[in-house]
There are 2 protein chains.
Amino acid sequence: MLSKKTKYAFHALTYLGKQEKRKPILISEVAEKTKVPKKFLESILLDLKKAGILTSKMGKGGGYYLLKDPEDVKLAEVIRMFNGPIALLPCVSLNYYEPCDECTDEASCGLNKIMLEVRDETLKVVAKKSLKDILNREE
Amino acid sequence: MLSKKTKYAFHALTYLGKQEKRKPILISEVAEKTKVPKKFLESILLDLKKAGILTSKMGKGGGYYLLKDPEDVKLAEVIRMFNGPIALLPCVSLNYYEPCDECTDEASCGLNKIMLEVRDETLKVVAKKSLKDILNREE
DNA sequence: CAAATAGTCTACTAAATCAATAGAATAAGT
DNA sequence: ACTTATTCTATTGATTTAGTAGACTATTTG
């Protein structure tokens, strides 16, 4: 399951994605409308900015807005950022690989091979779908 | 990611799946060979027994052995048992459904619709693959 | 039946992660 | 300067995960 933080990130992105382009939106507005605790949301938006997905303007008339094109914000990127690996086991993770403690030989581990297949299938979906797909399905 | 408990469950199942049919194996043997803490493993095996996947014999010459046919032990079943929902959000979970706090109308939520698609794709894989597939890929 | 073997159950504890909050610092506009 | 708004640091509480301890129950074998 996705953490609340990850879910909040998607809600915030969706809200910002629906706005007029390059128009700064207040954190507090996003917080209210998406029902995400404001302080918590702050750090989420900041992370999204550091990732180059959003950007912000400080001071009066400031706020956050989308920098990337919605179709370039893939689900996989957001999930990895806030939720960690897509893979179900560290030993089959592309971005967060770690060897198993108990497994002496990965090549002979059936679980490893199966989970690799699962990861590939999952990745096919989440690396293709993007914020644009979410927006398209909003009423 | 899968919890250690879930991973341990798969390792234990794999070990038991490789044994002679209906031959009881000691918890301590499984613990040693799979490098799972024995006491932790006990509760895992017990859960698998309650689920009808394994069964056990008490007393001397006792132990655990596989009850179900390996191809009937689907990844999805084991994951649900130890790790919880397959879905990424409660509002799209088949077995653990819960409505979102923040979302007033599921039908108009783009995130919901996308995550439903992701769940369906994931399910296609984990509901089809089974312990048999893991065993086939062990050397 | 008694002794040894081996699974079952209840309860607890430590560590890690997640969720949320508070408040000071910094930057920009008027 | 003053106000608005983001940025940064840091701490806290709650929950989940991982692992441990020990008493209890059931079965086999001599």
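Preceding this paragraph is the structure being described.
Because the structure is a prediction, the values reported are computed rather than measured.

Draft legend 1. Representation of helix α1 (residues 4-17) of chain A within the structure. Residues and elements named next belong to chain A. Its 14 residues place the ends of α1 19 Å apart at the C-alpha level, agreeing with the 20 Å of an ideal helix rising 1.5 Å per residue. Burial analysis of α1 places 11 of its 14 residues in the buried class, the great majority of the element. Of all the positions in α1, only Thr6, Lys7, Tyr8, Ala9, Phe10, His11, Ala12, Leu13, Thr14, Leu16 and Gly17 are classed as buried.

Draft legend 2. Layout of the packing of α1 of chain A against helix α2 (residues 27-34) of chain A. Residues and elements named next belong to chain A. The contact between α1 and α2 brings their axes to 10 Å, and the two run at 110°. Between α1 and α2, the interaxial angle falls into the category roughly perpendicular. Considering how the two elements wind past one another, α1 and α2 form a crossing that is right-handed. From α1, His11, Ala12, Tyr15 and Leu16 reach across to α2, where they touch Val30, Lys33 and Thr34. Grouping the amino acids of the contact of α1 with α2 by side-chain chemistry returns 4 nonpolar, 2 polar and 1 charged.

Draft legend 3. Representation of unusual backbone geometry in the model. Although it is not a glycine, arginine 22 of chain A sits at a positive phi angle of roughly 65°. Within the secondary structure, arginine 22 of chain A is located in the loop between α1 and α2.

Draft legend 4. Geometry of the interface of chain A and chain B. Residue-level contacts link 31 residues of chain A with 31 residues of chain B. When residues of the side of chain A that touches chain B are traced back to their parent elements, those giving at least two are α1, α5 (110-126) and α6 (131-137) of chain A. Among the elements that line the side of chain A that touches chain B, the one with the most residues is α5 of chain A, at 9 residues. Partitioned by chemical class, the residues of the side of chain A that touches chain B number 13 nonpolar, 8 polar and 10 charged.

The rules we used
Residues numbered from 1 in each chain as written. Chains lettered and ligands numbered in written order. Predicted model: local features only at pLDDT ≥ 70, side-chain atom pairs only at ≥ 80, totals over all residues. Helix = DSSP H or I, 4+ residues; strand = E, 2+ residues; numbered from the N terminus. Expected span 1.5 Å × (residues − 1). Buried ≥ 20, exposed ≤ 12 C-beta atoms within 10 Å, placed from the backbone. Axes fitted to C-alpha atoms, helices over the stretch in contact; angles between N-to-C directions. Parallel < 35°, antiparallel > 145°, perpendicular 65-115°, else oblique. Left-handed = near helix turned anticlockwise from the far one by under 90°. Contact = placed C-beta atoms within 7 Å. Nonpolar A, V, L, I, M, F, W, Y, C, P; charged D, E, K, R; others polar.

Keep in mind these numbers describe shape, not what the thing actually does.
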